[in-house]
Structure formats: structure tokens, C-alpha cells
Number of protein chains: 2
Amino acid sequence: MPSQKMHSLPPRPLPRILLLGLVPVAAWFVVRPLLDPVPALPALYTSVGFSIFAFLSTLYLVPALGHTFVKAGLKGGDLLKPYRHEIPIPESQGLVCASIYILLLMLFIPFAFSNFIMNFASENTSYSEGISVVQFPHYQLSVYLSSLLSLLIATMLGFLDDVFDIRWRHKLPIPIIASIPLLMVYYAERGNTHVVVPLPLRSILGTLVNLGPLYYLYMSLLSTFATNSINILAGINGSEVSQALIIAVSVILNDLLYLPWPMDFRIPLHLLGNKAEVEFGGVWSAGMAYGSRELVERHLFSLYFMMPLVAVCLGFLYHNWYPARAFPGDTLCYVTGMAFAVVGIQAHFSKTLLLFFIPQIFNFIISCPQLFGLVPCPRHRVPRYDADTNLLYPSTAELVKEPSKITMLTLKTMAALGLTELQLHPKTGAIQKASNLTILNFFLVRLGPMNEKRLVQVLMCSQVAGSVVA
Amino acid sequence: MPSQKMHSLPPRPLPRILLLGLVPVAAWFVVRPLLDPVPALPALYTSVGFSIFAFLSTLYLVPALGHTFVKAGLKGGDLLKPYRHEIPIPESQGLVCASIYILLLMLFIPFAFSNFIMNFASENTSYSEGISVVQFPHYQLSVYLSSLLSLLIATMLGFLDDVFDIRWRHKLPIPIIASIPLLMVYYAERGNTHVVVPLPLRSILGTLVNLGPLYYLYMSLLSTFATNSINILAGINGSEVSQALIIAVSVILNDLLYLPWPMDFRIPLHLLGNKAEVEFGGVWSAGMAYGSRELVERHLFSLYFMMPLVAVCLGFLYHNWYPARAFPGDTLCYVTGMAFAVVGIQAHFSKTLLLFFIPQIFNFIISCPQLFGLVPCPRHRVPRYDADTNLLYPSTAELVKEPSKITMLTLKTMAALGLTELQLHPKTGAIQKASNLTILNFFLVRLGPMNEKRLVQVLMCSQVAGSVVA
């Protein structure tokens, strides 16, 4: 590409004064646990503070580092824009998010686990009066560290994927490697391999079932699923990040239901901007956790991981929003997917988590015929862009050879269910083309052509709807 | 570079049968702790087995992945060869070593820390008869995990450095970021900030001194030093890896002195190929640890990290040896440096460690005038290659401007000490050129021009000599 022609989109402007105003707010949250009276869950305040910092750093660093990424060859044209060949957009900037995320999680260690802060807190609260020795949460620290390791490996592998461009089939097992630290520590700590049986099956199997080695398989598959399901639902501006964002917010809301709520502890909810949910959290409050210390701890653990994730996703979405100034690359999908897997495994609510993945599961199911070779799968299955109307149309896969009977049957069933659109040969009636089997093309088939921004919004709505149902 | 001209060196041949013969040996070591009679230090056997696997994987994977690296743009010409412009050599292959190293360390977790294996061992040894509950080593697990995190961050940052080509001055603090998990966990665990005072000062300061926050500074500086000191002694085939290798072997020998030695436990030493040292280790055996369980544990910890490191370094050196088929890149320097720092910090023998870095310290000291701008510093300070004689000569830095008084004085003092060679203006007597101030150029100045292979050998000898003195 000749350099005279190379332009770049100007970075989206940031409302600096407003954002700098957030710095003292964040600082207050970080310092709050060290001030009298110590709140009930001191580390949670710090976590909120850190999340605000994460949000700000992402907002500022993503555009600031864009040039460096482009220079290192990590760039790509935006497939669905008229300027796709002219303007390189920095790729793999999910790396920035992941780095900020992991760095902050590391810096958070002393706040969550330090003897000093814990003792300080216990001396000043009425909860633990009379208890002189607080047991150091060694176990939780190991779990926390192994989660960090998994996240870091996911980042690393995601970035390697971006640099070396690993083939699709080789990618699938990558999250399993990343989940090794989780599994190892779980094993070394002689982790619980019991699973709570869903209500309808309890009369047959009892409340708990010991899965044994199967549990480890289940855990690694969960991480594979969470990672790849976000990754294959990519292609349009903002799709990966907005999914991750909505799932993370859903997990947070779910966690908040389990926390012990004194009346003065409703503040963090406001920060998330979900006014309507405050009432909800307040009412259910004490009921869900049944005073179980362990449940509270697990959901705190989940909050510590999810709040900064929401923050970096929000910060990144600002730049990734249509028209995108930055692409997340595989790195972001890997990290967010792994974060959900970590939380689902370590906080023991993987089944609830799966409910938040309804759109991804739907996408995976309708993708199956293409993923497993029944229907030809082109390299990119993103919707087709029409420069004249600026609208997106369903993209199609061409059936060059005579399709087999199973392929025919699958496609016809799916067309009958409205999942795909077939283009038949005018004379023979043989299938010539089928719209690609992804949720994005499905929306376009059902709702008609629309522009890219609207498509992301539809996707986000479906994700929110999925979470509400969950 | 036109693709017709692009050749590549054929990978160095591997004696396959011999190497495949090592597989059962390694497997035996891994399985050995599970067989009766259980050895005294079961995990050590596994570690030896894993190290052999690490060695084999490195040997095979480095050449196998070379092509992928070149394709991704991670390549460089060998500066000191006649074919420097024709043949691209894969760069950053230290990434392969680092990945194998860290993956194996992760897989090692259950062997070192699992309840199952520990109980199994304790039931079958006479050591712990009568003790029914073995305390789970939570603390050690956290320490181990935080070390892994640090290593992984070092790998990541090293690789980022290779991809984005970070500037020298920005690189310096990178190891500090990598040491954050170490520091955080150390703090959270309310780590010991006492330091054993060296013998001559004990009468004044007592045996232990509490450094407090200074200790954390000391720890992060140690990692910075270990990493960068290996990194700046780079430039000729095999120099980085061989330094790391020799330091790691020295650390292992030092560790072995502290282990409890029953007579049948001398085997591992033979594996390292140091026949002469067996006697040595045997004689000192019981004396050094004084039966302290903690000391033994610390040195075991160090062995767990150092043995696989020796293995991957050996495997890589095979391909990096003159003439090199693969370059380590910054990744390897970062990882090995971090590994030494981790071991020095966690096993509490950082002062002994520093003694093994004598050549690096020497290199750093003589480099100072160039690093801090007293003497001009060209981008590359590797020795100058002469294609006709195939010998290396000291490279020089040209003093374009009139040097300041301090520069003059420094250079003249160093020349008087034989550390550099000056080239004076024939008439005015002003300094025109000075040989670059590195240990490699120092060798060439003192010992005369030599070829690259011999220079590495001289460097390795000096490193061994340093360790022996230590």
C-alpha cells in the first residue's frame, strides 16, 4: 500500500475533563477500606476503584498505542466499510485491554488477601469481635493466582494467534492449555468434583453427584466453549466486546444477589448505571445466600474478576463502536472467554453462566453444519457489505459440487425453520447457495438488510434478552 | 529481499535413535514417585523426568517451528556471518523454550503439591510414621504460582519486545512489572523482609536485619538486574543461552549441597554430567542444611525451577550454537533472567546468586560509560566481523565531537587498565575511536582477534571460572 494513500481514522475524541473527574472517585474507592468505619466488604470498594482506573486507562491507551500496533504489522482493513483497502485499523488491541485487566488484578492481590488489611478490617468491624486469629485465606489465594495464570496464558495464546495466524482447527484446543493451571491447582487442592444436580433430576440422583475425572473434562470444555463461542460470533464492529460486556454485567448482577446487603451497601449498583436493578438486588438480598459465608466468598471472587472486565470492555467498546477505530483481535475473545470460564469454575456457577450464553449457543448450533463440513464454509462468514446502500446483506456459501443427501436435508430443514435462505437453481431446483449459518446472517434474513450499527444493536438486544430470561 | 535468493540453513541433524531412547528414561523418572519404595524426595524424580522431556521437546520443536517464525516476520540476519543478508534466521525462538518450560512447570504442580501424592509418599516412607495429618503446603503453592506468573509475564513482555521492538530505555523497567506477582504475594503472605547479614558485618548489625519496604525494592531490582545483565551480553551465537545455562547449572550445584543425601541418592548428579562434582556433593552433603527442613524445601524449590531451565537451554543451545540456526530473541533473556530472580528471591539465596553473575557484573561495569552517555554508544556493539579472515575484531565507537574532560579521563583510565583500545589522532593525540566497552570486545582486545565459536568458548570459560570462584 503506498504510504501517500495511507490515512487513518482520527481517534474518537474523549471528554477529558469529565473523565479526569473520575480519578478522585476511583482513588476514594481504593482508599476507602483503609478509613474508619471499615465497610463490610472492604476489598469490594477497592475493586470498584480499580475498575474505574481500568476503564480510564483503556480509554486512553487504546488510541495512544494504535500507531505502534499498525507499525508492527498488527493491522487490518475493515471488511464492511467502503474504505476497507485504504485505511488500516490497528488489530489485536484486545492485548491492551488484557494487559490492563491482568495488571490490575495482580495489584489487587494485597487488598483481597493481605494479612494487614484483613486484620485491620477485622479489628474495626463488629462482625468478628472475639475472634483473635483470622485464618489466612491460603486456599483462595492459590485459586486466585491460578485464575490469573489461566488468563495470562489465554492472553499470550490469543496474541500468538494474532501474530502467527493459527489455523481454525488448531485453535480449538488452545483454551484447554490455558485452563491447565486451573485444573492443576484444583487437583492439587483436592478440589470438589461434586456437582449440584438440577432440581428436576434430584429425586433420582440426589442433590450432589460426584463426577470425578469427568469434572476436569467438563471444566476444560467449559473454557473451550466460552472462548470459542465468543470468537466465532465476530466480524462486525463491536460484536465481540459488546457480547463480553453484556455477559459480564449479567454475571455481576447475578453475584450481587448473593451478597449480604446492609442498607448502606447499595452504592456500587448505581455505578453500573442500572437504576432499575437496585430495587431488585435489595429485595432478594439476604434470601439468596442464606448466610452462607462460602457462597458470599465465591460471588465476591466472581465480582473481583468481572468488574474490571466490564470496565475494560466498556473502555474498548468506545473505540470499537461503529465505525471502529480499533479491532480487538483474538486476544480479547480469549481473555474474556477465559475470564467467564474461570469465574464459572471457581465460583461454582457454571450452569448459570451457560444461561447467559444463549445467543452464543444458538450461534454455535446453527453453525454446526458449516463447522463440521456438511455445508461449505468460506474463510469469512461476515455479512456482505453493499457500498451503495451502506447496508449489510446476508452473505452466502456457494455449493459448488452436488450436495450430499444429508446436506440437502439439513439445509432444507433449516430453511423451513427460517434459519437460512436458500437460492435454488431456476430449472433443476438444486440448492446453489445458502446464506451463511451464523446468528448475524440469521438476523439479516429474518429482519431484512440493515446497517452495521443497527446489527450490533440487534445482537446486543438479543444478548440482553437472553440474560433476562436466564 | 527477493524470494529466489532466500535460502535457509538446513536444521542441525538430530541423532533420533539416541534421543528417543531418552523417552523411557524420562518416563521412568516421572512415574518413579508412584512406585514402592517411595524415594525420599519423590517430586525431585518427577522434575528430572520432566526436564528430560523439556530437553527433547526443545530439540525437536525449535527447528520444526523455525519456518513459522520466519513467515510471521520474526527473523533476522546473522550479523557476524558472510551470508548475513541472504539467509534469514528465525528470531525470538526463545518463545518456544519459554513455552515448554512454563507448560512443564504447570504440569508439575500436582506432583509437587498434590495431597494424593504427598499422602501416598508419607504413608510409604519411614520418615513420617506416626504423623497422620500432613499439612498441605498452601504457602509454597502460592509462592510457586506467583513465580509462574512472573515467568509468564516475562515471556509475554519479552515477546512483545521482539514484536514491537521497544526502545532500550523503555525496556529497563519491564522486569519490574514481571516481578509484581512475586512482590504482591510476598506482601500478602506477610513475607519475611529480614536479610542475613554477611559474616564480616555481623558484629555491627547482628545476624538479621529487617529491610522493610527496602526489601521489595531490592527484590524488584534483582529481577531487573538478572534480566538485563543477560540481555546486554548478547550479540554472538550462543552467548545468551550459554550464560543462562552455566548460571543455572551453578545454581543447581549449589542447591544440591543443601539436600539430604542418603547414599543411594547420588544418581541425579551423574545426569548432569559433572562427575567431578559427585564427590564434592557427597562430602558436604549433610553439613550444609544442618537438618533444617525449611532450607531443604527452599533448595528443592530452586531445583524444580532450574532443572527444566537447564534442559531447555541445552536443547536450544544445540540449535543456537555457531553457526546459529535459531536466535533466542529477547524472550529467552527475559525468561531466564526472571527465573534466576525468582529462585534467588523465593529460595532466599540472592547473594549467592549474584556471585554467579560475575561476568555479567563485570560487563555491566565496563559498559557504564557507554550506557550513561559518557562515551557515544552505537546501536550494535557486537564485535566487527571480517569476512576474509573469518575472525572477529573489536568494534569501535567513533568520537565525532570533541570529547569532554570526563570522557577523556574515563577512557584513558580504562585503556590503562587494559579494558579498551584507543585510536588516537596521529597529530593532535586526541581520542578518535575507542573499542566498544563490552566484555566481548574486552576479550578480543586482550586475547587478539578470534573466530566467533572461540569467543563464545572464552565467554563460557569465564562464566565457569566465575562460578567456581563463587
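Residues numbered from 1 in each chain as written. Chains lettered and ligands numbered in written order. Predicted model: local features only at pLDDT ≥ 70, side-chain atom pairs only at ≥ 80, totals over all residues. Heavy atoms only, no water.

(A) Spatial organisation of the relation of the copies chain A and chain B. Its rotation angle being 180 degrees, the transformation that places chain A on chain B also includes 0.1 Å of axial translation and leaves an RMSD of 0.1 Å. Considering both components of the superposition, the chain copies are consistent with a two-fold axis. The fraction of interface residues of chain A whose copies in chain B are also interface residues reaches 100%, indicating that both copies meet through the same surface. (Least-squares fit on C-alpha atoms with pLDDT ≥ 70 in both. Contact = heavy atoms within 4.5 Å.)

(B) Region of interest: helix H19 (residues 405–416) of chain B. All names here are of chain B. For H19, which comprises 12 residues, the first-to-last C-alpha distance of 16 Å matches the rise-based estimate of 16 Å (1.5 Å per residue) to within 8%. Residues of H19 that are buried: Thr407, Thr410, Leu411 and Met414. Down the axis of H19, the buried set is contained in an arc of 90 degrees. They therefore lie on one face. Every exposed residue of H19 that faces more than 90 degrees away from the buried side is listed here: Lys405, Leu409 and Ala416. On its buried face, H19 is in contact with helix H18 (358–371), strand E8 (422–424) and strand E9 (431–435). Looking one or two places after H19, you find Gly418, whose phi comes out positive at around 80 degrees. (Helix = DSSP H or I, 4+ residues; strand = E, 2+ residues; numbered from the N terminus. Expected span 1.5 Å × (residues − 1). Buried < 20%, exposed > 50% of the residue type's maximum accessible area, 1.4 Å probe, protein only. Arc of directions from axis to C-beta.)

(C) A look at the sheet that holds E9(B). Residue and element names in this part refer to chain B. One open sheet accounts for three strands, arranged E7-E9-E8; its pairing is antiparallel. Two strands in the sheet have a free side with no partner beyond their single neighbour: strand E7 (396–398) and E8. Strand-to-strand twist across the sheet, computed as the mean angle between neighbouring axes with direction ignored, equals 25 degrees. On top of the sheet, H19 reaches E8 and E9; it is set at about 50 degrees to E9, its chief contact. (Pairing = 2+ DSSP bridges. Axes fitted to C-alpha atoms, helices over the stretch in contact; angles between N-to-C directions.)

(D) Expanded view of the packing of helix H11 (residues 213–232) of chain B against helix H16 (residues 329–346) of chain B. All names here are of chain B. Direction vectors running N to C along H11 and H16 enclose 145 degrees, while the axes themselves pass 8 Å from each other. You can see that H11 and H16 cross each other, and the crossing is right-handed. On the side of H11, the interface is formed by Met219, Leu222, Ser223, Ala226, Thr227, Ile230 and Asn231, while H16 contributes Asp330, Cys333, Tyr334, Thr336, Gly337, Met338, Phe340, Ala341 and Ile345. When grouped by side-chain class, the residues that make up the contact of H11 with H16 number 10 nonpolar, five polar and one charged. (Left-handed = near helix turned anticlockwise from the far one by under 90°. Nonpolar A, V, L, I, M, F, W, Y, C, P; charged D, E, K, R; others polar.)

(E) View of the pairing of E9(B). All names here are of chain B. Where E7 lies against E9, three bridges are found, and the strand directions are antiparallel. Bridging from a neighbouring strand, Thr396 pairs with Ser435 of E9. As paired elements, E8 and E9 share three bridges and run antiparallel to each other. Each bridged residue has a counterpart across the sheet, and for Leu422 the counterpart in E9 is Ala434. In textbook terms, the turn of a hairpin is the stretch between consecutive antiparallel strands, and for E8 and E9 this stretch comprises six residues, one of which, Gly429, has a positive phi near 80 degrees.

(F) Main features of the interface of chain A and chain B. At the junction of the two partners, chain A supplies 41 residues and chain B supplies 41 residues. A combined buried area of about 3600 Å² lies between chain A and chain B, and 83% of that area is made up of carbon and sulfur atoms. When residues of chain A are sorted by the area they lose upon contact with chain B, A:Leu149, A:Met156 and A:Phe164 head the list and together hold 16% of the total. For the pair chain A and chain B, the interface holds zero salt bridges. Inspection of the chain A/chain B interface yields zero residue pairs in polar contact (both at pLDDT 80 or more). Sorting the residues of the side of chain A that touches chain B by element identifies helix H3 (42–71), helix H4 (94–107), helix H5 (109–113), helix H6 (115–124), helix H7 (138–164) and helix H10 (180–188) of chain A as the ones contributing at least two each. Here the side of chain A that touches chain B takes 16 residues from H7(A), the largest share from any one element. Its residues placed into classes, the side of chain A that touches chain B shows 31 nonpolar, eight polar and two charged. (Buried area = accessible area lost by both parts, 1.4 Å probe. Salt bridge = Lys/Arg side-chain N within 4 Å of Asp/Glu carboxyl O. Polar contact = N/O pair within 3.5 Å; in protein donor to acceptor, adjacent residues only side chain to side chain.)

(G) Layout of the side chain of A:Ser220. Residue and element names in this part refer to chain A. Positionally, Ser220 belongs in helix H12 (residues 213–232). Ser220 sits in the buried class, given a relative accessible area of 7%. In this structure the side chain of Ser220 is engaged in a polar contact, spanning 3.0 Å, whose partner is the backbone oxygen of Leu217. Discounting chain neighbours no more than four positions away, the residues touching Ser220 are Ile176, Ser179 and Leu183.

(H) Broad picture of a nonpolar patch on the surface. All names here are of chain A. Together, Trp28, Val31, Leu34 and Leu35 line one region of the surface with nonpolar side chains, adding up to about 340 Å² of accessible area. Mapped onto the fold, Leu35 is located in the loop between helix H2 (22–31) and H3. For Leu35, a relative accessible area of 39% translates into the label partly exposed. (Patch = residues over 30% accessible without salt bridge, like charges linked within 9 Å, V, L, I, M, F, W, Y side chains within 5 Å. Areas by Shrake-Rupley, 256 points an atom, 1.4 Å probe, with all protein chains shown as cover.)

(I) Molecular detail of the domain arrangement of chain A. All names here are of chain A. If you check the domain split of chain A, you get domain 1 (16–120 + 138–356) and domain 2 (361–470). Opposite the 26 residues of domain 1 that make contact, domain 2 presents 25 residues. Approximately 2400 Å² of surface area, both sides summed, lies buried where domain 1 meets domain 2, with 72% of it carried by carbon and sulfur atoms. For the domain 1 face of the interface with domain 2, the top three residues by lost area are Leu80, Ile236 and Tyr322, together amounting to 26%. Inspection of the region where domain 1 meets domain 2 yields zero residue pairs in polar contact (both at pLDDT 80 or more). When residues of the side of domain 1 that touches domain 2 are traced back to their parent elements, those giving at least two are helix H8 (168–171), H12, helix H13 (239–256) and helix H18 (350–356). It is H13 that provides the largest number of residues to the side of domain 1 that touches domain 2, a total of six residues. (Domains from an automatic or database assignment.)

(J) Structural detail: the side chain of A:Asn228. Residue and element names in this part refer to chain A. Checked against the element boundaries, Asn228 lands in helix H12. What makes Asn228 buried here is its relative accessible area of 12%. Apart from the residues within four sequence positions on either side, Asn228 is in contact with Leu172 and Pro175.

(K) Representation of the packing of aromatic side chains in the model. All told, the structure shown has 33 aromatic pairs over all chains when counted by the stated rule. Each ring, one from B:Phe442 and one from B:Phe443, has its centre 5.9 Å from the other, and the planes form 45 degrees; the classification is tilted. Its relative accessible area of 10% is what places B:Phe443 among the buried residues. Cluster of aromatic residues (ring-pair linked, three or more members): A:Phe69, A:Phe159, A:Phe164, B:Phe69, B:Phe159 and B:Phe164. (Phe/Tyr/Trp six-rings, centres within 6.5 Å; stacked < 30°, edge-to-face > 60°.)

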